[in-house]
Amino acid sequence: MYIIGIDIGTTNSKVVLYSAEEFKQEKLFRFETGKKANNGEIDFDLDQIWLNLKRGIKEVSNEIKEKNKIVGISIASVGESGVLLDSHNRRIGPAIAWFDPRGREYIEKLEKKNALNKIYRITGIPPHSNYSLPKILWIRNKYPESNKHDVTWLCLANYFAFLLTGKKTTEVTLASRTLAFDIEKNDWSEEILESVHLHRTIFPPLVRSGEPIGHLTKEIAEELKLNKETLVAVAGHDHMVGSLSVGLNPNNELLNSTGTTEGLLIIQKKPNLSAESLNCKLSNGVYVRPGYYSYFGSLPSVGYSINWARKLFGFNASLLNEGLLSILNVYQSGGFYKKEILFIPHIRGSGPPIRSTQSKGLIYGFDDKTTREDIIFGLFLGLCFELKNLFLIFKKLSHLEKPIVKVIGPAALNPLWLQLKADVLGCDVYAYEIEEAVAKGAAISFAYSQNLIKHTNDFVNEKVTIYHPNKLKTEQFDGLFRSKYLHLLKAKNQIEN
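Below is a summary of the structure that appears in this document. What you see is a predicted model; the values in this text were computed from it and never measured.

Some points on the sheet that holds strand β4 (residues 35-38)
- On the basis of which strands lie adjacent, the open sheet formed by three strands has the order β4-β5-β9 and antiparallel pairing. The sheet terminates laterally at β4 and β9 (95-96), the two strands that pair on one side only.

Thoughts on helix α11 (residues 302-313)
- Compared with the 16 Å implied by 1.5 Å per residue over 12 residues, the 17 Å span of α11 between its first and last C-alpha is a close match.
- Listed as buried for α11 are Val302, Gly303, Ser305, Ile306 and Ala309. Projected onto a plane normal to the axis of α11, the buried residues spread over an arc of 155° and lie on a single side. Within α11, the exposed residues directed more than 90 degrees away from the buried face are Lys311 and Leu312.
- Residues of α11 that are buried make contact with β18 (262-268), β20 (293-299), β21 (342-344), α13 (372-398) and α14 (415-425).
- Gly314, located one to two residues past α11, shows a positive phi value of around 70°.

Side note on the packing of helix α2 (residues 104-113) against helix α4 (residues 132-142)
- Interhelical geometry of α2 versus α4 gives an angle of 110° and a closest axis separation of 8 Å. In terms of their interaxial angle, α2 and α4 are classed as roughly perpendicular. Mapping the contact onto sequence places Glu105, Tyr106, Ile107 and Leu110 in α2 and Leu133, Pro134, Leu137, Trp138 and Asn141 in α4.
- Of the residues in the contact of α2 with α4, the class split is seven nonpolar, one polar and one charged.

Concerning the pairing of strand β24 (residues 429-432)
- Looking at chain direction, strand β23 (residues 404-408) and β24 are connected through three bridges and run parallel. Paired with Val407 across the two strands is Ala431, which belongs to β24.
- Viewed along the sheet, the connection from β23 through α14 into β24 turns out right-handed.
- In this sheet, strand β25 (residues 464-467) lies alongside β24 in antiparallel orientation, the contact comprising four bridges. Counterpart to Val429 in the pairing with β25 is Tyr467.

Quick notes on the side chain of His128
- For His128, the position within the fold is in the loop between α3 (116-123) and α4.
- Residue classification places His128 among the buried positions, given a relative accessible area of 11%.
- For His128, the side chain forms a polar contact with the main-chain nitrogen of Asn130, separated by 3.0 Å.
- With residues near it in sequence (within four places) discarded, His128 still touches Ile107, Pro134, Leu179, Arg355 and Thr357.

Some details on the packing of α13 against helix α16 (residues 471-496)
- Two elements in contact, α13 and α16, have axes whose closest approach is 11 Å; the angle formed by their N-to-C orientations is 85°. Overall, the two elements α13 and α16 adopt an arrangement that is roughly perpendicular. Contact residues: Phe377, Leu381, Gly382, Phe385, Glu386, Lys388, Asn389 and Leu392 in α13; Phe477, Asp478, Leu480, Phe481, Arg482, Tyr485, Leu486 and Leu489 in α16.
- Grouping the amino acids of the contact of α13 with α16 by side-chain chemistry returns 10 nonpolar, two polar and four charged.

Structural notes on the sheet that holds strand β2 (residues 12-19)
- Pairing in this open sheet of six strands is mixed, and the strands run β3-β2-β1-β6-β16-β15 from one edge to the other. Either end of the sheet is taken by a strand with one partner, and the two such strands are β3 (25-32) and β15 (212-215). On average, each strand axis in the sheet is inclined to that of its neighbour by 20°, with strand direction left out of account.
- In this sheet, β3 lies alongside β2 in antiparallel orientation, the contact comprising seven bridges.

Some words on the side chain of Ser398
- Turning to its location among the elements, Ser398 is positioned in helix α13.
- The class for Ser398 is buried, based on a relative accessible area of 16%.
- With residues near it in sequence (within four places) discarded, Ser398 still touches Ile266, Gln268 and Tyr295.

Thresholds, definitions, all that
- Residues numbered from 1 in each chain as written.
- Predicted model: local features only at pLDDT ≥ 70, side-chain atom pairs only at ≥ 80, totals over all residues.
- Heavy atoms only, no water.
- Pairing = 2+ DSSP bridges.
- Helix = DSSP H or I, 4+ residues; strand = E, 2+ residues; numbered from the N terminus.
- Expected span 1.5 Å × (residues − 1).
- Buried < 20%, exposed > 50% of the residue type's maximum accessible area, 1.4 Å probe, protein only.
- Arc of directions from axis to C-beta.
- Contact = heavy atoms within 4.5 Å.
- Axes fitted to C-alpha atoms, helices over the stretch in contact; angles between N-to-C directions.
- Parallel < 35°, antiparallel > 145°, perpendicular 65-115°, else oblique.
- Nonpolar A, V, L, I, M, F, W, Y, C, P; charged D, E, K, R; others polar.
- Right-handed = clockwise from strand over helix to strand, strands pointing away.
- Polar contact = N/O pair within 3.5 Å; in protein donor to acceptor, adjacent residues only side chain to side chain.

Listed below in structure tokens is the structure:
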């Protein structure tokens, strides 16, 4: 048997064919996630994504002669973007990118109607323009046809599952990223919806992660040349789904998911809805495994900063690949000591503990003797300091002892970045060389829901490299972090405020 796992990401999307016995990757199709830019506003190009998804499904399924052996398609996606449909399933307005700040004025209105603490106690997430609710309200204000009771909001993965099956649903991990979901009741919050004059029927029925919502429609099955009995499921929010591929365990393990954004995630039995957690802007969510909650913080510009620096400074691809090994060797031999070039990667705003779409980046400490390699080293050190700020909050609020950080995504193939993570955080870092962690997690989620496997942790068979911290370097970096980095960050925030 085979399962197709799909990952609809911010920058790139992937369609991957897996064997259901070992979750071995049989075929990969990758494409750039379509987006439209207009005067600084960014929307997902749904028509282009849909065409590429169909092309990808056809291409990877061509590896299998007996199409009835492909038992399922499971979709994960970014968490907050979505589509508003009318009663005839026509799209109303754009599919606003999750990081686009449109709708932030509705967050301010929501905060005035409902105390911040109350919203956090209900939803488990701090109000922000990234989430689905302000995007819905923005569309409702701009498009009069959206002001009807028969409109439907579908999160991104649920929308493409609808195109495949004709079934409208909301997967629970994505529901918990809308800012309209009561995380403890596991249902939509009537109080929040009433306060913004939305009816709960705007959201279709809830389904669990990986739970099949239906079979392919006859037309789609014929177009894709697949068996019409092929099941389709939504695995959920990409960061949560990716954690399944590393067998993340509760208590002392953190997932470090890297890509366009960088996140830290832990699994809990109960959400943390405290005032201190709200003050630190950490997000709770329904986890992909039943009975657990996710606790999550996202840094919006980290991976994006690398591409930005490459273009700005003219770094070629080899310098940011093979060249990193030579920089790592210099670093491990004592180089870059006291260079102290500090980079605050807020080029798309900042993440916890002070979330702001208006926050700006900063580079400090270079002079006429600064080399290209110094800049590159400072870039990755700055990314690690940004992560350390978030890591320390998790340690404190979740009482983590001897934490282990499990890394997936592009950083897992970057030895300089990984060693710096270990040295800056002062803990072991496990790098999982999983080519497509989220797509694999999506396939595992489907298999688990269908009882094809008994435990989600049974298929963590990827190559793992462990990076241990150097105690002396950890102490040096901790001193630099506290004596300069935090002061620069504070001064920058004061100037911006």
